[in-house]
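Summary of the model geometry
Listed here are the chains, written in short residue letters.
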Amino acid sequence: ATHLCKRVHLSEDIVRLWAAAFGGEIRSIAVKFSGSHLLRQKYKEREKSVCVEEMDGAKLVDQLAGNMAKMFHRKAEAVRRLVKAAEDAHLWHEEDPGLQFDYFNAALVNEGKNLELSQELILQPSEHFHNLAVNFSLSVVQVPTNTYNKDSAVLNGVFWSEALNKVFVDNFGRDPSLGWQYFGSAKGFFRQYPGVKWHPDENGLIDFDCRNRKWYIQAAASPKDVVVLVDVSGSMKGLHLTMARHTVSSILDTLGDDDFFNILTYNHEIHYVEPCLNGTLVQAHKTNKDHFRELLDKLSAKGTGRLGDALREAFALLKEFHQSGRGTCCTQAVMLVTDGATETYDTVFEKFNWPQRKVRVFPYLIGREAAFADNLKRMACANKGYFTQISTLADVQENVMKYLHVLSRPKVIDEERDAVWTEAYVDSIVSARPFLGETLKRSKQGVLVGVAGTDVPVQDLLRAFPKHKLGVHGYVFAVTNNGYVLTHPELRPLFQNGKKSRKPDYSSVDLSEVERDDKEHFLRTAMVNRSTGTFSMEVKQMVDKGKRLLSLHNDYYYTHIEGTPFSLGVVLSRGRGKYVLRGNATREEGLHDLEHPDVALARGWTYCDTSESQEHRHLSQMEAVRLFLSEPQPRLKCDRELVQEVLFDAVVTAPLEAYWTSVALNKSQNSEGGVEIAFLATRTGLRRTGLLVLPEQLSSREFLAADDEEDAFSADRFPLWYRRAAEQLPGTFTYSIPFSTGSGPSTTVLASTAIQLHDGTKSPTVAALGIQMNLGFFQRKFWTACRQCAALDGKCSVSCDSPSLSCYVIDNNGFVLVSRHPSRTGLFFGEVEAAVMNQLLLTGSFKRIALHNRQAMCKITSESSDGPRSFFDVSISGFGCLRLTRHSTASCVSSHCLFLLFFLISFHFKSRLILDGSLALAQRLAKSKTTLVPCDVEHPAFVSECAVEETTGTAECDGCGRSFIVQRIPSSNLYLVVVEDQCDCSATPPSCKHNGSLRCDRLKSPNDRRRPDSCHPFHPEEDALDCGSALGLSPMPLLTSLALLLAPAVPLLTS
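Since this is a predicted model, take the numbers as computed values, not measurements.

**Section: the confidence of the model for the chain**
Overall, the predicted model of the chain reaches an average pLDDT of 83, with 82% of residues at or above 70. Across residues 439–443 the pLDDT falls below 50, and counting only partners more than four positions away or on other chains, this stretch makes 12 contacts in the model. The low-confidence segment residues 863–927, where pLDDT is below 50, has 156 contacts with residues more than four positions distant or belonging to other chains.

**Quick notes on the packing of aromatic side chains**
Throughout the structure, instances matching the rule amount to 49 aromatic pairs. With a centroid separation of 5.9 Å and 85° between ring planes, the pair formed by Phe315 and Phe349 is classed as edge-to-face. Taken as a pair, Phe315 in helix 9 (residues 307–323) and Phe349 in helix 10 (residues 346–352) lie far apart in primary sequence, 34 residues in all. The residues Phe315 and Phe349 share a single accessibility class, namely buried. Here the aromatic rings of Tyr735 and Phe778 are separated by 6.1 Å at their centres, their planes lie at 40°, and the arrangement is tilted. With Tyr735 in strand 31 (residues 734–736) and Phe778 in helix 23 (residues 775–785), this residue pair connects regions lying 43 residues apart in the sequence. Overall, Tyr735 belongs to the buried group, its relative accessible area being 0%. By the ring-pair criterion, three or more aromatic residues cluster together here, those being Trp605, Tyr607, Phe679, Phe703, Phe713, Phe718, Trp721 and Tyr722.

**Topic: the state of the cysteines**
Under the definition given, this model contains four disulfides. Disulfide pairing places Cys330 opposite Cys1015 at an S-S distance of 2.0 Å. A torsion of 110° about the S-S bond marks the disulfide between Cys330 and Cys1015 as right-handed. With Cys330 in the loop between helix 9 and strand 12 (331–338) and Cys1015 in the loop between helix 28 (998–1004) and helix 29 (1038–1045), this residue pair connects regions lying 685 residues apart in the sequence. Judged by its relative accessible area of 1%, Cys330 falls in the buried class. You can call Cys1015 partly exposed: its relative accessible area is 22%. Each disulfide pairs two cysteine sulfurs, and for Cys800 the partner residue is Cys807, the sulfurs being separated by 2.0 Å. Between Cys800 and Cys807 the sulfur-sulfur dihedral comes to about -90°; the bridge is accordingly left-handed. The buried category is assigned to Cys800, whose relative accessible area is 2%.

**Focus: helix 9**
Compared with an ideal rise of 1.5 Å per residue, which puts 17 residues at 24 Å, helix 9 spans 24 Å between its outermost C-alpha atoms and is within 8% of the ideal. For helix 9, the complete set of buried residues consists of Leu307, Gly308, Ala310, Leu311, Ala314, Phe315, Leu317, Leu318, Phe321 and His322. Looking at the residues trailing helix 9, positive phi occurs at Gly325, about 80°.

Conventions we followed
Residues numbered from 1 in each chain as written. Predicted model: local features only at pLDDT ≥ 70, side-chain atom pairs only at ≥ 80, totals over all residues. Heavy atoms only, no water. pLDDT = per-residue confidence, 0-100. Contact = heavy atoms within 4.5 Å. Phe/Tyr/Trp six-rings, centres within 6.5 Å; stacked < 30°, edge-to-face > 60°. Helix = DSSP H or I, 4+ residues; strand = E, 2+ residues; numbered from the N terminus. Buried < 20%, exposed > 50% of the residue type's maximum accessible area, 1.4 Å probe, protein only. Disulfide = S-S within 2.5 Å. Expected span 1.5 Å × (residues − 1).

Shown next as structure tokens:
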């Protein structure tokens, strides 16, 4: 060191001695109590009898894509059978205006005999349907709140659709893995199987209309580019403007991820509601739609309306957008929301839309007055649209829906029944098909009767992935034609807010948000375009709630899934992650070793398919494997290869049970009870756990409960302790303090190491094992080791007990495991010793890596709903996060500012970033409204440089220098840091400024996507005379009608 402490004689030699003594002690404990030497020996004994194979990623992804295509085809066939049955039932049904009968209403069943439609429905819990009570013999019907339960049209539809019950039951019998099956009627009612009781939300409402769901919208109509024109002239003040807002919001509800839109307002001027989107359209995913809804709240009415100019702008915008090859290149429409039009604007339509009428026009007349209804209807009829009058708020939703019936006409006339597939909901994908009324499809009206669909549980996809073939860090993922993730280990559709709930944009997480290191979007572009190929890149994988990272080199293999708009990817990590072990063990010895109570199998992995037979559905995976192995002619369908490898691992790891038992019984070896649990896991998901103390002596049960998903096997991930151990050198133990999922600080230390087999250049990781220690026990071992010295008389002049020294043990990510001050345990070292950490970064002993979580939910504040809303009233809460809303970014005034900001603010769990540093703003924020919004979060992760064994230096602050020595602790991921305590290095967090310039760039620069293959913009046989009505309308002049309606229609070119 350049400055050594004057009050104690500190040297590198003594620190090196302490590090070696502590490292040797904890390694000895970890080896002895985990049994790592025994397990390594048992696998080594088998080296000559096993085979190590390198996985062929291209072959694997092709095989998995084929299997998934077959699975998706089975689901689509189930929906096809529903559509066929529905069309047959509808064909033979004769409408009866006086029809009266009772049916199972989803909201009213089991509500008591005195309530209409409250029939008794026998329900029983089903694990397959998330433990909901269901009826497998019958379906139930849900009717929107704005529709009368016994409306004649609803009753007739419910009556003839009763025929679907038989098909629902038959489908589920053929494929027990099917999720919910349903039929959504164009009349609004929704038939669902199996039957289930619906419950209102906290407001006492059931806010569900099947016609607003993605699956219905995508099946009903082709993709569309939409421009919404909103009249904000003076006559729209008050209730009219409120109704207009609701109308536009309902229009947005009917747009799906394959659609594009923009909203313009007009009075004496034309304004884009989002100014930065002048001259373009944006994709209609939830984040964009919610953004526009916020902007609608700010609209005000004044001046006079210049509708002609607004129409010219809309047509010019759609034309330019189509010619540029952006958007859907399919259906185009103008939605006009106004309280009147003084003329029909024929000159505008003649210039921009006639005679081809490529753009449909849908006017919505706001208010009870019908004076201008005639003009607006003529505009609709002349442009293959539909006119609707909205006189009350209650009319909005039902009237907005009518335009979908018009857009569905071409598909119905073309008899288009192709299956559509939606992005993933929280736990399912949806397969849906439109249902064409047999008597109607022959007419030029082409009226859609409804859409049938079924859920495809994401678990079905995960079940098809052979995790044991992918290695420690490998995984499988799938994306849609829009680049949205169907399944991916980094997909986090749920957030914790007292309870689990859906994120607002849970179904539109982009691949670029989970594969963050693909900066050029090469992988995303290839998969969206349904290409087949390979790709490699270095990745920084964020783990442990964003506080740590793994540095990997991954190979990506990708291809498309036939019959769907989806693409599949397989990731294999280079090195040990690409090799798999083939072992062999007899059924008899393996079955015996699987009988032990300490053995378990990976949660979420599928060893046997227990869903095919009713008699097997109650079995756990372990019970199913045992049954499969015990039957001479097994009736269960199991993965024979995986079961064989489980047998091998069970035999090899069986001696650990007796070993742990002997250790637990030998009280002299663990007199302090400091080592509490021993555990292991293998590449096949087999787990063993041994208690080394009595259950009541455990410091924490969190590891046993596996409440933290990262520390347990899941359908697509190995436990974090396993993955971290696999990345260390052979024989090295990885130590860490778990970041507690409870309210209090962690009281334990985990130590784990990986077991590898060696076959030439191939070194697969076959298992990992470790121990849980009491934190106090671990720390006492450190203080004992740091009282040693080389003095012959044993009297040491310096130790970590000295008040002039601060000693720390930190891990390779900079977290404190040992400190004189217990409150510092578990904190980031930069929080405790910012100046020293700064020097470690400057000398390269540690490096800072910025990780981004683009799926985060952040709190943003606004002073009132009426006042202006800030895009950057942002709090920093949780660990090390600079939180940015989806439409903003932030930067500090200097890199030094950013460094200190992260050290002194970011690592406090409930700190708040005050943007201008003023107390006044802090007080305003404290009183303001807080909401959760999707945002980007930057996590600063810190990683030690493996090649650096020792570092010395001086941390300068306020004219004071603090000497420090950092020494690697052998056979571990730990470092001993000794700091001279001669002065206090503290700092005040500087102010920080924000820059919202990226908000507009984000909106205007969407990612690449692939358009759906099917497009039906209009049909030459359409009957455009069905274009809406309102009271008091006068008939159109005959010659004008003929001239407009008989004009030739030229289909749009699609690409």
